[in-house]
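Observations on chain architecture
In case you want the letters, here they are:
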Amino acid sequence: MTLSPVLSALPALPALPVLSVADVHVVHRARTGGPFSRDRVYALTGADLEIAAGETVGVVGESGCGKSTLAKVLVGVRRPTSGTVSFHGRDLWTMSAAERRATIGQHTGMVFQDPSTALNRRLTVRGILRDPLDVHRRGTPAAREERVRELMALVGLPKVLADALPGQLSGGQRQRVAIARALALEPELIVADEPTSALDVSVRAQILNLLLDLKSRLGLALVFVSHDIQTVRRMSDRVVTMYLGRIVEESPADEVLGRARHPYTRALFSATPGLLDPIDPIPLVGPVPSATRPPSGCPFRTRCWKADADCAATMPDFRAASDDPVSGTGRYRCHHPVRDDQSTHDLVTQAAQAAQAAQAAQAQERR
Ligand SMILES: Nc1ncnc2c1ncn2[C@@H]1O[C@H](COP(=O)(O)OP(=O)(O)O)[C@@H](O)[C@H]1O
Ligand SMILES: [Mg+2]
């Protein structure tokens with residue numbers, strides 16, 4: 001399509017995000033504590049995030065911090081307890097159920113951690129890939145068959161596997177089927193939740209490369225959730241750090257290692273340093289608090305070497321790194337962000353000294 005000269009002379013409008021979540025909370029009833037327990041699990045708290053077309057957003061954080069909950073919210077599998085989830089500016093949860101299913105089903109795809117449970121074991125590969133095409137009535141039956149062949153070629157599955165059942169495939173092949181199924185209706189966004197964690201180490205790189213290749217060929221936006229933070233960093237344009245149900249930082253991937261401002265992001269990425277310059281990780285003292293009783297203020301304060309009374313009092317709002325007198329283009333929620341001139345090595349020393357001082361103070365109290 002060619003634009004009229006007048007239209008093409010206009011400056012490009014900033015693209016609306018494909019997907020955005022605003023002040024989203026997900027609260028579960030606790031599994032522990034029995035059927036009459038009033039315990040609540042704060043799986044996701046006040047999450048704000050926008051995903052732009054074609055962008056790869058990595059999500060990192062320790063187990064239980066809410067990554068999968070966020071992933072499910074993004075693809076409309078999980079309804080938030082409060083807050084809004086919008087697809088191209090339209091609120092998913094004010095749509096009718098049919099419209100929501102159509103919107104989510106046709107424009108987003110999800111790839112789960114374990115392909116052996118995510119695929120229907122009684123359907124052949126052909127059946128699995130045809131299912132979304134049939135459900136959303138895409139094209140003629142002949143066109144659907146053609147699309148199945150195309151999808152298999154796209155993810156590198158040999159044609160002969162069309163009649164195989166998931167149980168007859170390797171883990172890597174099964175994950176290729178799951179990816180092909182997610183792509184069946186040409187979505188704009190794929191959310192992959194730990195897509196390689198259940199696979200043999202030897203096939204992980206193949207699946208990651210496949211995702212990257214598809215993303216660039218198809219112009220997909222990709223949300224990539226993993227606890228393998230170095231892989232996330234390499235795959236992503238932007239890295240989102242979560243802690244105890246909160247998004248605490250968003251950082252461009254090329255700034256996250258040495259220039260992230262949140263102490264937790266720096267600690268997380270210090271734990272698997274590059275091979276060239278190995279250092280001890282930043283020591284974090286104490287356990288991750290329970291998501292049933294998150295601490296007041298900043299949830300990270302109980303393990304943070306910089307925490308003080310301010311941190312116990314309030315959770316700070318997001319601050320743009322570009323508002324600081326330092327470089328950086330991300331945003332973070334922290335009262336005491338890491339300064340630009342502090343190397344990870346400085347932080348290791350700082351955290352170790354703080355831990356020693358805290359131990360000494362405790363010993364003093366006990367006397
Ligand atoms: N259906 C559920 N019922 C109760 N608690 C849940 C449920 N799903 C997740 N949780 C809890 O919510 C928190 C976040 O879980 P999840 O999103 O799976 O974290 P992650 O993917 O980062 O490991 C955890 O404390 C987890 O135990
Ligand atoms: Mg998870």
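Structural data are supplied above this passage.
What comes next concerns the included structure. (Residues numbered from 1 in each chain as written. Chains lettered and ligands numbered in written order. Predicted model: local features only at pLDDT ≥ 70, side-chain atom pairs only at ≥ 80, totals over all residues. Heavy atoms only, no water.)

**Observations regarding unusual backbone geometry**
- A positive phi angle is found at Asp23, which is not glycine, with a value near 50°.
- Relative to the assigned elements, Asp23 resides in strand 1 (residues 19-29).
- With a phi angle near 50°, His88 is a residue other than glycine that sits in the positive phi range.
- For His88, the location among the structural elements is in the loop between strand 4 (82-87) and strand 5 (90-91).
- We classify His88 as partly exposed; its relative accessible area is 33%. (Helix = DSSP H or I, 4+ residues; strand = E, 2+ residues; numbered from the N terminus. Buried < 20%, exposed > 50% of the residue type's maximum accessible area, 1.4 Å probe, protein only.)

**Here's the deal with the sheet that holds strand 2 (residues 40-51)**
- Ordered by their spatial adjacency, four strands build an open sheet running 2-1-4-5, and the pairing between neighbours is antiparallel. Strands at the two margins of the open sheet, each flanked by one partner only, are strand 2 and strand 5.
- When strand 1 meets strand 4, the two strands line up antiparallel, connected through five bridges. The residue of strand 4 that forms the bridge with Val21 is Val85. (Pairing = 2+ DSSP bridges.)

**Some details on the side chain of Thr45**
- In this structure, Thr45 sits in strand 2.
- The exposure class of Thr45 is buried, given its relative accessible area of 15%.
- In contact with Thr45, other than residues within four places in its own chain, are Val24, His25, Gly245 and Arg246. (Contact = heavy atoms within 4.5 Å.)

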